[in-house]
Amino acid sequence: MNATQAGNPLVGIVMGSASDWDGSMRFAHETLDRFGVPHECRVLSAHRTPAETIEWATSSQANGMKAIIAGAGGAAHLAGVIAAHVTIPVLGVPMTSALDGLDSLLSTVQMPAGIPVATFAIGKAGATNAALFAISILAETDPSMREKLETFRADKAKDILSTKLTL
Ligand code: RP5
């Protein structure tokens, strides 16, 4: 086990508000937990705590973090601001909001060319898939992670194929 696996988080989960946790961002955490990925969960805001957000993102990259999952709602600029300060992949998850998340989705996805944010579905599905995507990134250099991902998908396929409908 290398130093990063022993102690430092490989993936960061950050959200603009504690209100993003239940129903959405907790599923990114649960997915990473299920795969045994060392990770960190933080509440940091691009507009309420801008300096702390940048400090956390840049120091996390310096300490070996491989990807950041950023969830935000409304004028959702958290993922974009973080992406402007790091070169590791930033995975944006739009939160539900006053406009059912459409505002967050467009804010997160419409990054001008040059600073990419990979954008996922709104809410729970996006948070889950962002975590799975981060695991795919880790699997590039960690064969055990790739095996877990293959098992996870095989289990999902078995669930579908064994589904019995009551007619
Ligand atoms: C964003 O504003 C957060 O990501 C959250 O989705 C939204 C609302 O935040 P609260 O007013 O619930 O703290 O910054």
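What you see as residue numbers is a count from 1 along each chain, following the sequence as written. In keeping with the predicted nature of the model, local features appear solely for residues at pLDDT of at least 70, side-chain atom pairs appear and are counted solely at 80 or more, and the whole-chain, interface and lining totals rest on all residues. Derived side-chain values reflect all non-hydrogen atoms in the structure, with water molecules and hydrogen atoms excluded from consideration.

**Q** For this particular structure, what's the right way to read the site of the ligand?
**A** Residues are classed as near a molecule or strand on a simple rule: at least one heavy atom within 4 Å of it. The environment of the ligand is formed by Gly16, Ser17, Ser19, Asp20, His47, Arg48, Ala72 and Gly73. At 2.6 Å from an oxygen atom of the ligand is found a side-chain nitrogen or oxygen belonging to Asp20. Pairing of N or O atoms within 3.5 Å defines a polar contact, subject to two protein rules: one partner must be a possible hydrogen donor and the other a possible acceptor, and residues neighboring in sequence count only if both atoms are side-chain atoms. At 3.0 Å, a side-chain N or O of Arg48 approaches an oxygen atom of the ligand. Methods summary: accessible areas were calculated by the Shrake-Rupley approach with a probe of 1.4 Å, and residue burial reflects only the protein chains presented. Protein burial of the ligand: of its 370 Å² of free accessible surface, 68% is covered by the chains.

**Q** Explain the packing of aromatic side chains to me, please; I cannot follow it from the model alone.
**A** When two rings of Phe, Tyr or Trp (its six-membered ring) have centres within 6.5 Å they constitute a pair, described as stacked for plane angles under 30 degrees, edge-to-face for angles over 60, and tilted for the intermediate range. Under the criterion given, the structure shown has 2 aromatic pairs. Between Phe120 and Phe133 the ring centres are 5.5 Å apart and the planes differ by 65°, which places this aromatic pair in the edge-to-face class. Of this pair, Phe120 sits in the loop between β5 (118-119) and α6 (124-139) while Phe133 sits in helix α6; the two residues are 13 residues apart in sequence, bridging distant segments of the chain. The cationic tip of Lys124 hangs over the ring face of Phe27; the distance from NZ or CZ to the ring centre is 4.6 Å. A run of DSSP states H or I qualifies as a helix once it reaches four residues; a run of E qualifies as a strand once it reaches two. Both are numbered from the N-terminal end. We call a charge positioned over a ring when the NZ of a Lys or the CZ of an Arg lies within 6 Å of the ring centre and within 35 degrees of the ring normal.

**Q** Looking at this structure, how should I read unusual backbone geometry?
**A** Both trends apply: most residues other than glycine have a negative phi, and most peptide bonds are in trans. Even without being a glycine, Asp100 presents a positive backbone phi close to 60°. For every residue, the accessible area obtained with a 1.4 Å probe (protein chains only) is divided by the maximum for its type, and the residue is called buried under 20%, exposed over 50%, and partly exposed between those limits. You can call Asp100 exposed: its relative accessible area is 66%.

**Q** How do you make sense of the nonpolar core when you look at a structure like this?
**A** Note that soluble globular proteins tend to have their nonpolar side chains buried in a common cluster. The definition of a nonpolar core used throughout is a set of buried Ala, Val, Leu, Ile, Met, Phe, Trp, Tyr and Cys residues joined through side-chain atoms within 4.5 Å. Among the nonpolar cores identified, the biggest contains 26 residues, and Val11, Met25, Phe35, Val37, Ile69 and Ile135 are the most heavily contacted of them. When residues of this core are traced back to their parent elements, those giving at least two are β1 (11-15), α2 (21-34), β3 (67-72), β4 (90-94), α6 and α7 (143-161). Per-element accounting of this core gives the leading share, 8 residues, to α6. By definition in these notes, contact holds between two residues if any of their heavy atoms fall within 4.5 Å. Those residues in contact with Val11 that lie beyond four places of it in its chain are Leu32, Val37, Pro38, His39, Glu40, Met65, Ala67, Ile69, Ala134 and Leu138.

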